[in-house]
Amino acid sequence: MWLKLSTLVLLPVLFVQGTKLRKNTPRLLEASGEREGLIGNGRPLSLLILGDSAAAGVGVETQQDALSGAIISELQDQYLISWKLHAKTGDTTKQVFQALQHLEQQNYDVVITSIGVNDVIKLTSAKSWIKQQKQLFEYIQARFQPKLIIVSGVPPMQHFPTLPNPLAWLFGQYAKQMNEQLQQWLEPQSQFEFLQYDIETFQAMNLPMASDGFHPSKEVYAVWGRQVAVIARQSFNS
């Protein structure tokens, strides 16, 4: 309730800051390159990457330097990887769900998601968001039969360099509540692994963000991809 009240109080300021950001922040393109393929050596492993602009590789020029490329680079010496990327800039949880209706049904060993930033921007409550997330993941389980779902948490947006306060603070509070509810729902389910988007650690490692101060850089994608690969390797080597 307090977050809803804070939002109402701050709306005039948020409108001004949001308008200025849209006008002044550079709009980066999605990474170019293949969005599906077969690569590597070893045991077969199929991957499906879903989500928003971060999943789509905004912040770098090619998919090789994006999340998909970072994951493949980490796993291709050990697995024969059949992979597909299905992501679009600006997509909310609802829009990812709608997009999946048009995706060919097939089984994947691992599904990786990056969803939530656009829900925060639209000031979606954590209660509404977790309902949408449950619907999405139930659909993913039924349609793609994954053995493992790696869920990337919503970034702590209060640390995004491009966002001014109080906008950054408010977005950070929304992201925090979403992550808390998501982790609570995922924890008892062994098929899921929650992966925290640890931007404070990235900053402590002196890893830059993309030029817009909003999206991951090549260096951040590399760490993120390595984290995903570690979870996948642990699950399929045990």
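Structure first, text after, so check above.
### Digging into empty space enclosed by the protein
Rolling a probe over the atoms, with the probe sized like a water molecule, indicates the empty space that remains.
No. 1: The final tally for this structure, using the stated rule, is one cavity of 30 Å³ or more.
No. 2: Each pocket or cavity is described by its volume, and for the largest cavity that value is around 160 Å³.
No. 3: For the largest cavity, the lining is made up of 17 residues, of which D52, A54, S114, V117 and P155 are closest to its centre.
No. 4: Broken down by class, the residue content of the lining of the largest cavity amounts to 10 nonpolar, six polar and one charged.

### Considering a nonpolar patch on the surface
No. 1: On the surface, a cluster of nonpolar side chains totalling about 440 Å² of accessible area is made up of M1, L5, L8 and L11.
No. 2: Assignment of secondary structure puts L5 in helix α1 (residues 2–24).

### Some details on the packing of aromatic side chains
No. 1: Applying the stated criterion to the full structure yields eight aromatic pairs.
No. 2: Note on F137 and F192: the rings are 5.4 Å apart at their centroids and 85 degrees apart in plane angle, and the pair reads as edge-to-face. With F137 in helix α6 (residues 126–144) and F192 in strand β6 (residues 192–195), the pair connects residues that are 55 residues apart, well separated along the chain.
No. 3: F137 sits in the buried class, given a relative accessible area of 0%.
No. 4: Take F192: its relative accessible area is 5%, and that puts it in the buried class.

### What to know about the packing of α1 against helix α7 (residues 167–186)
No. 1: Between α1 and α7, the least distance of the axes is 9 Å, while the angle of their chain directions is 130 degrees. One finds that α1 runs oblique with respect to α7. Of the two elements, α1 crosses α7, and the hand of that crossing is left-handed. On α7, the residues that touch W2, L3, S6, T7, L10, L14, Q17 and L21 of α1 are L167, W169, L170, Q173, Y174 and Q177.
No. 2: Per-class residue counts for the contact of α1 with α7 are nine nonpolar, five polar and no charged.

What counts, and at which threshold
What you see as residue numbers is a count from 1 along each chain, following the sequence as written. At least 70 in pLDDT is required for a residue's local features to be given in this predicted model, at least 80 for side-chain atom pairs to be given and counted, and no such filter applies to totals for whole chains, interfaces and linings, which use all residues. Side-chain measures were taken over the full set of non-hydrogen atoms in the model, leaving aside hydrogen atoms and water. Here the term cavity refers to a set of points on a 1 Å grid, laid over the protein atoms alone, in which a 1.4 Å probe fits but cannot get out; the term pocket refers to an open set having protein on both sides within 12 Å along at least five of seven lines, with lining residues being those that place an atom within 4 Å of a point. Grid points are joined across faces, edges and corners, and a volume is the space filled by probe spheres set on the points. Note on residue classes: Ala, Val, Leu, Ile, Met, Phe, Trp, Tyr, Cys and Pro are nonpolar, Asp, Glu, Lys and Arg are charged, and everything else, Gly too, is polar. Two joining distances apply to patches: 9 Å for like charges and 5 Å for nonpolar side chains (Val, Leu, Ile, Met, Phe, Trp, Tyr), and every residue must have over 30% relative accessible area and no salt bridge. In short, Shrake-Rupley with a 1.4 Å probe defines the accessible areas, and a residue's cover is counted only from the protein chains shown. We define a salt bridge as a side-chain nitrogen of Lys or Arg found within 4 Å of a carboxyl oxygen belonging to Asp or Glu. Strands are runs of DSSP state E lasting at least 2 residues, helices are runs of H or I lasting at least 4, and numbering of each runs from the N terminus. Side-chain rings of Phe, Tyr and Trp (the six-membered ring for Trp) are treated as a pair once their centres are within 6.5 Å; stacked means planes under 30 degrees apart, edge-to-face means over 60, and tilted covers the remaining angles. Relative accessibility thresholds used throughout: buried, under 20% of the residue-type maximum; exposed, over 50%; partly exposed, between the two (1.4 Å probe, protein chains only). Here an axis means a line fitted to C-alpha atoms, over the contact stretch when the element is a helix, while the angle between two N-to-C directions is reported on a 0 to 180 degree scale. Our angle categories are set so that under 35 degrees counts as roughly parallel, over 145 as roughly antiparallel, 65 to 115 as roughly perpendicular, and the remainder as oblique. Each crossing gets its handedness from the near helix: less than a right angle anticlockwise from the far helix is left-handed, clockwise is right-handed. Two residues qualify as a contact provided that any one of their heavy atoms is within 4.5 Å of a heavy atom in the partner residue.

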